[in-house]
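The chain contents come next:
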Amino acid sequence: MIASRQLCTFLLDGHLFGVDAQTVQEVIRYQEMTRVPKAPAAVSGLINLRGQIVTAIDLRTRLGMKPRENGKRPMNVVVRSDDGAVSLLVDQIGDVIEVDAENFESPPDTLQGPSRELVQGAYKLNGRLLLLLNCAEAVQLVTE
Amino acid sequence: MSFEDAELLKEFVVESQEHLADVENQLLTLESQGDAMDVGLVNKVFRAVHSIKGAAGFMGLETLGGLAHRSEEVLNKLRNKELRPTSLVINTLLRAADQLKALLDQIEASNEMDVTPHIVALEAILAGEEAVSTPEVSANATPENTKYEIGISSEALREFLIESFDNLEQAERDLLALERHPGADDLLNSVFRSIHTIKGSAGFLGYLKAEKLTHAAESVLGSIRSGNFPFDESVGERLFTTIDAVRRILHSIESEGHEGSEVTGELATQIEDFLQEKLSQTTAKGKKKGRSTRKSASTSKPDAAEPTIEASLSVEARRAQPDPEVTVSSAKPTIAQVTAPKMETAQPPEAAPKASSPTRLSPAPTSSSNSSAESSASDSTIRVDVALLDKLMTRVGELVLARNQILQFNSTIDDSALHSAMQRLNLITTELQEGVMKTRMQPIGTVWSKFPRLVRDLATMCEKQVRIEMEGKETELDKTIIEAIKDPLTHLVRNTVDHGIERPEVRAQNGKPTEGCLTLRAYHEGGQVNIEICDDGAGLNLGRIKAKAVEKGLMTLEQVARMADRDVGNLIFLPGFSTAEKVSNVSGRGVGMDVVKTNIEKIGGTVDLQSKPGLGTTIKIKIPLTLAIIPALIITSDSDRYAIPQVNLMELVRLEGEESRTSIEWIQGAPVYRLRGRLLPLVYLRNELGIPKDESKTSEIVNIVVLRADDRQFGLVVDNINDSEEIVVKPLSKQLKNVSVYSGTTIMGDGRVALILDVMGLAQSAHVVTGTKERAVSDSNDRATTNNSNMQTLLVLGVGPNRRFALPIAQVTRLEKLAMDKVERADHQEVVQYRGEILPLIRLTDTLGVEPSNHSGGLMDVVVYSEDDRSVGLVVDQIVDIVETELINTRPTQRVGLTQSAVINGHVTDLLDLPAVIRMVDPSFFQTTLNA
């Protein structure tokens, strides 16, 4: 039984999110991006990560949150996906937190919108909720 | 055990392998030296084997030691000249050395491995029984040989498989040719050789089924060669079946490691029975006839080699014919010629045993000497893992990027030494890139090689006669592209045989030869490869295609009536299209042609179809040489760079000053440019990418990139044209795969990412190419149910923050962008100077009482309406779109200037009554016209 796992945490519009630390390849500061007109809205652009081209997905847009305030630069959380590395743009990076399975709860049915599919559940930490992001789902974008 | 010391063991293995490395060549040299052998060389081999033996004994590796010991003894006899280095002796030693290597490769398990056959063979030599069979024969004797197989290194096995597959293919090709020219002896020989080689290797490796089958096939071929009966269709059929069966066995070996149970020994028996039957038939007819037809029935000199050839030819032949001499004498000199040099060295010692027990043949020496004869060719080539080449290619790609990066620096630094160094780097990189690219090149013949058989089988199935011809087999293509076109090509060939070529009786009626011809042609042209698939069949039935397109709702009658024949032909590439009256199991299900097109477009290629009724169809495929690194034009749009593959590029046009304003004309809202008298439709990249127009600077320069997509040209208007560069193509990530206007990404010299524009996708999204087709597909559903007469093409205008107006495009003369500060006043009216005239302006905001949007300076969109020589400009805030739509949910309005309201693209839109609007402002506008 694996009772605990390590989550790499980050902030999005004041909410604390986490993804499995195993899936995170690296965390890097804001990078120059090449925008991609006509791409799905959540695609912020393309980053050259040491010769590898990585698509950056703005998690705020993906989760249907309001856009980041002007001038605030996001951080890149580069995660491994089936289709190579993908960068998730977040507000701020947090600690790696070890969480216990017994503190986990599925999201309430009242949770609606895009978050419904992307938030797998919440870990009840002391005084704070840590939302577990479904990484594989978050990098799946529907092209219009 | 003494295995404890793993380090020591490892050292021993490495050392022993080094010892053995040279042994092979040394033994071969010895063989070639014959009786004049160099004793020093024997000593070298002896010492190598001896040290292996010593160490093996010390380490408790009994099997290894035992085998080394026996080899050593044989070598000792050689050294003392008690033995001659005959090919049998050398062969046996070579096999033993191979086995030693295999043992070393699996040193931990070596004691459990069975080397008895080798020991037996070596001992036989020691005992002076020169004539015993070589180990591979005794290996055959062991049932199933599972233990023996362990001794085969996986590499040897793989080589055997690759070689055998090649041989099968060769045999198949030759057989096909043989069917056309049944008398061609060289072809027969070639088939025989291929089959024989497989048989030899299979026997050596202990694959009994494969050996038995090939043996049976060989017997049949042998009999034909001896002139016992002629090659005919039934023989071809049998041989093809055999080849297929052997291929299945090989596949089974490849995937499961054993021969599998799918193919049973029955087939071999059947073939043998078939042979008997054939032979008895011919004997009944009288072999004299059979013999006399063979031009070489001359009693050839009874070469020493010949009996053995014949022995391997056909056991059955011998049994069936009471007089074996006949067979021998009828052997063709050409055969002897080809096989004799090998036989002379390899066979003599074996001749005797073979004659005494003809059923037990030893093909192995032939194959081994065969391979040594070919070694001069194989020495200069090696097999390399494709994954390694791919990796190399990626690295070279990175190098090209780095080079580009440095070259950019170079231009900013003025240092001649640096410049020359840079030039060298540039040159070397380019050469390296070309070299690596070449390693991945394969002749297209590798794909084509399976077509003759495919065509033959299909033709038989469809009861047609089809001949296949190939031109430019050696045309080389990148391996990835070869892979990618395999399926599309196969599909096209299938289609051609099934649909394109008529049945013989129909052809005869039309005065064509009964045999149809399918021609595959490949050639390089302008950095691209062209592949053509031509047939001399019936051609496409354009009428039927049209009817089908209408029936399936893919097109309307009117559209079809307007289409050029060439476009009609290309309709078959639409999804779900098939005119085949019946679905055969070959083709006709309507999937396929669209897949062919998509697959070829995926690799940057194009497909075009030309058909002449009654004369045939030609399908032309154009594909790039390689995908990895391509030359591209870099352009800028709104400070973002994009790459356009040079393949699609025709020319660049730059309009400056006055020209930039006047030479772009509008046809009902579509901008065009007259390029040497021909109208070139223009596409604004900004519009296509949804980038807002640059209001800040009114550029005096218009850059037009003339592109070709699907044999149609269009001009792409971009902000800036930068430079031409070699770019390394990287695939689009999954998230962007569906964005049709891009085909890939690349990294520019400064390290930033740039997108590669997909010219085809761009043209499609701008409706430049196949506009009618595209729309036809997407609209087919609603269109099929509605009457077409309500369709209107409307120009949709945005006025004010959220009002939309529309007017029939037919009323629009031109769309213009005019600078706001050019507006002057005359006669209580706003006017602008326009093309040397005074153009009165009508602001829809004023006349219709729409709340104006706070537009700040810059340009304004003007819709110009002309009546005879009088014009008027309608000032709007935005040109939204041109839509072809049917007016639904309409509601009449009471207001002057409007006819009705309708929902267009999800917005409530008022339809303008343009004459009424104009009259509101200038009541005399139309009167003047009438008076004039």
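Residues numbered from 1 in each chain as written. Chains lettered and ligands numbered in written order. Predicted model: local features only at pLDDT ≥ 70, side-chain atom pairs only at ≥ 80, totals over all residues.

S.K.: So what's going on with the overall build of chain B? Residues and values would help.
M.R.: Helices and strands together make up the secondary structure of chain B, namely 36 helices and 30 strands. Scored against the burial criterion, the 932 residues of chain B give a buried share of 38%. In chain B, the proportion of contacts linking residues at least 24 apart, taken out of those at least 6 apart, comes to 68%. (Helix = DSSP H or I, 4+ residues; strand = E, 2+ residues; numbered from the N terminus. Buried ≥ 20, exposed ≤ 12 C-beta atoms within 10 Å, placed from the backbone. Contact = placed C-beta atoms within 7 Å.)

S.K.: Talk me through the overall build of chain A; I want residue IDs and the actual numbers.
M.R.: On a plain count of helices and strands, chain A comes out with 3 helices and 11 strands. Traced from its N-terminal end to its C-terminal end, chain A shows the element sequence β-β-β-β-β-α-β-β-β-β-α-β-β-α. Out of the 144 residues in chain A, the part that is buried amounts to 34%. For chain A, restricting intrachain contacts to residue pairs at least 6 apart in sequence, the fraction spanning at least 24 positions comes to 57%.

S.K.: Lay out the nonpolar core in plain terms, naming residues and giving numbers.
M.R.: Residues A:Ile57, A:Leu88, B:Ile644, B:Leu716 and B:Leu757 are the most contacted members of the largest nonpolar core, which totals 84 residues. When residues of this core are assigned to domains, at least three fall in each of domain 3 (386–439) and domain 5 (629–772) of chain B. If sequence neighbours within four positions are ignored, A:Leu88 has contacts with A:Ile57, A:Leu59, A:Val77, A:Val79 and A:Ala138. B:Ala484, B:Leu492, B:Ile531 and B:Met555 belong to the second-largest nonpolar core, a separate cluster that totals 45 residues. (Core = buried A, V, L, I, M, F, W, Y, C linked by C-beta atoms within 7 Å. Domains from an automatic or database assignment.)

S.K.: Describe helix α11 (residues 233–256) of chain B, listing the residues and the values that go with them.
M.R.: For the α-helix, the turn length of 3.6 residues means that residues three or four positions removed from each other point alike. Residues and elements named next belong to chain B. Here α11 spans 34 Å end to end across 24 residues, near enough to the 34 Å set by a 1.5 Å rise per residue. Buried residues of α11: Val-235, Leu-239, Thr-242, Ile-243, Ala-245, Val-246, Ile-249, Leu-250 and Ile-253, and no others. Following α11 by one or two positions, Gly-257 has its phi on the positive side, about 85 degrees. (Expected span 1.5 Å × (residues − 1).)

S.K.: Help me get a handle on the interface of chain A and chain B, residues and values and all.
M.R.: Each partner contributes to the interface: chain A provides 21 residues, whereas chain B provides 20 residues. Listing elements by their share of the side of chain A that touches chain B, those giving two or more residues are β4 (43–49) and β5 (52–58) of chain A. With 4 residues, the single largest contributor to the side of chain A that touches chain B is β4(A). For the side of chain A that touches chain B, the class distribution of residues is 11 nonpolar, 6 polar and 4 charged. (Nonpolar A, V, L, I, M, F, W, Y, C, P; charged D, E, K, R; others polar.)

S.K.: Outline the pairing of strand β5 (residues 528–535) of chain B, supporting the account with residue identities and numerical values.
M.R.: Residue and element names in this part refer to chain B. Where strand β4 (residues 516–525) lies against β5, 8 bridges are found, and the strand directions are antiparallel. Residue Ala-522 lies in a different strand from β5, and its bridge partner there is Ile-531. Where β5 meets strand β7 (residues 616–624), 8 bridges bridge the pair, whose relative direction is antiparallel. Residue pairing for β7: Cys-534 is matched across the bridge by Thr-618. (Pairing = 2+ DSSP bridges.)

S.K.: So what's going on with the sheet that holds strand β11 (residues 128–133) of chain A? Residues and values would help.
M.R.: By way of backbone hydrogen bonds, the strands of a sheet pair with one another, either parallel or antiparallel. Residue and element names in this part refer to chain A. Taken in spatial order, the 6 strands line up as β8-β1-β2-β11-β10-β9 in an open sheet, and their pairing is mixed. Looking at the sheet topology across the chains shown, the edges are occupied by β8 (92–100) and β9 (104–105). Pairing of strand β10 (residues 119–125) with β11, which is carried by 6 bridges, proceeds in the antiparallel orientation. Residue pairing for β11: Ala-122 is matched across the bridge by Leu-131.

S.K.: Explain the sheet that holds strand β12 (residues 670–675) of chain B residue by residue, including any values.
M.R.: Residues and elements named next belong to chain B. If you trace the 6 strands from one edge of the open sheet to the other, you get β10-β14-β15-β13-β12-β11, paired in mixed fashion. Lying at the two open borders of the sheet, with one neighbouring strand each, are β10 (649–655) and β11 (664–667). If you compare each strand with its neighbour and ignore which way they point, the axes differ by 40 degrees on average. Relative to strand β14 (residues 702–709), β10 runs antiparallel, the two sharing 6 bridges. Looking at the pairing, Glu-651 lines up with Val-706 of β14. (Axes fitted to C-alpha atoms, helices over the stretch in contact; angles between N-to-C directions.)

S.K.: Tell me about helix α20 (residues 386–410) of chain B, residues and numbers included.
M.R.: Residue and element names in this part refer to chain B. With 25 residues, α20 extends 35 Å between its outermost C-alpha atoms, agreeing within 8% with the 36 Å of an ideal straight helix rising 1.5 Å per residue. Of the positions making up α20, those classed as buried are Met-393, Val-396, Gly-397, Val-400, Leu-401 and Arg-403. In this fold, the buried residues of α20 make contact with α21 (416–439), β8 (629–637), β16 (720–728) and β17 (742–747).

S.K.: For the environment of B:Ala484, give the residues involved together with the corresponding values.
M.R.: All names here are of chain B. In this fold, Ala-484 is placed in helix α24 (residues 479–500). Along the primary structure Ala-484 and Asn-599 are separated by 115 residues, whereas in three dimensions their C-alpha atoms are 7.3 Å apart. Apart from the residues lying within four places of it in its own chain, the contact partners of Ala-484 are Asn-599 and Ile-603.

S.K.: Requested: an account of unusual backbone geometry, with residues and values cited.
M.R.: All names here are of chain B. Phi at Glu-463 takes a positive value of approximately 55 degrees, unusual for a residue other than glycine. Backbone geometry places Asp-638, a non-glycine residue, at a positive phi of 55 degrees. With respect to the helices and strands, the residue Asp-638 is situated in the loop between β8 and β9 (640–645). Overall, the presence of 16 C-beta atoms within 10 Å leaves Asp-638 in the partly exposed class.

S.K.: Could you give me a rundown of the confidence of the model for chain B, with the residues and numbers involved?
M.R.: All names here are of chain B. Per-residue confidence for chain B gives a mean pLDDT of 74, with 78% of residues at or over 70. Across residues 131–151 the pLDDT falls below 50, and counting only partners more than four positions away or on other chains, this stretch makes 48 contacts in the model. Low pLDDT, under 50, characterises residues 582–591; the predicted model gives this stretch 22 contacts beyond four residues in sequence or across chains. For this predicted complex, the interface confidence reaches an ipTM of 0.90, while the overall pTM sits at 0.44. (pLDDT = per-residue confidence, 0-100.)

S.K.: Quick rundown of the packing of helix α3 (residues 62–79) of chain B against helix α5 (residues 116–126) of chain B? Include the residues and the values.
M.R.: All names here are of chain B. Relative to each other, α3 and α5 sit at 25 degrees, their axes nearing to 10 Å. Between α3 and α5, the angle falls in the class roughly parallel. Crossing handedness for the pair α3 and α5: left-handed. Across from Gly-66, Leu-67, Arg-70, Ser-71, Glu-73, Val-74 and Lys-77 in α3, the residues of α5 making contact are His-118, Ile-119, Leu-122, Glu-123, Ile-125 and Leu-126. Residues that form the contact of α3 with α5 fall into these classes: 6 nonpolar, 3 polar and 4 charged. (Parallel < 35°, antiparallel > 145°, perpendicular 65-115°, else oblique. Left-handed = near helix turned anticlockwise from the far one by under 90°.)

S.K.: I'd like a rundown of the environment of B:Glu108, residues and numbers included.
M.R.: Positionally, B:Glu108 belongs in the loop between α4 (87–105) and α5. Distance from B:Glu108 to B:Leu61, taken between C-alpha atoms, is 9.0 Å for residues 47 residues apart in sequence.

S.K.: Describe the packing of helix α9 (residues 185–205) of chain B against helix α10 (residues 208–225) of chain B, naming the residues involved and giving the relevant values.
M.R.: Residues and elements named next belong to chain B. Two numbers describe how α9 lies on α10: the axes approach to 9 Å, and their chain directions differ by 155 degrees. Judged by the angle between their axes, α9 and α10 are roughly antiparallel. Pair α9 / α10 crosses with left-handed handedness. Residue-level contacts link Leu-188, Val-191, Phe-192, Ile-195, His-196, Ile-198, Lys-199, Ala-202 and Gly-203 of α9 to Ala-210, Glu-211, Thr-214, His-215, Ala-217, Glu-218, Leu-221, Ile-224 and Arg-225 of α10.

S.K.: Mind laying out the environment of B:Gly800, listing which residues take part and the relevant values?
M.R.: For B:Gly800, the position within the fold is in the loop between β19 (791–799) and β20 (803–808). Accessibility expressed as a C-beta count within 10 Å gives 19 for B:Gly800, which makes it partly exposed.

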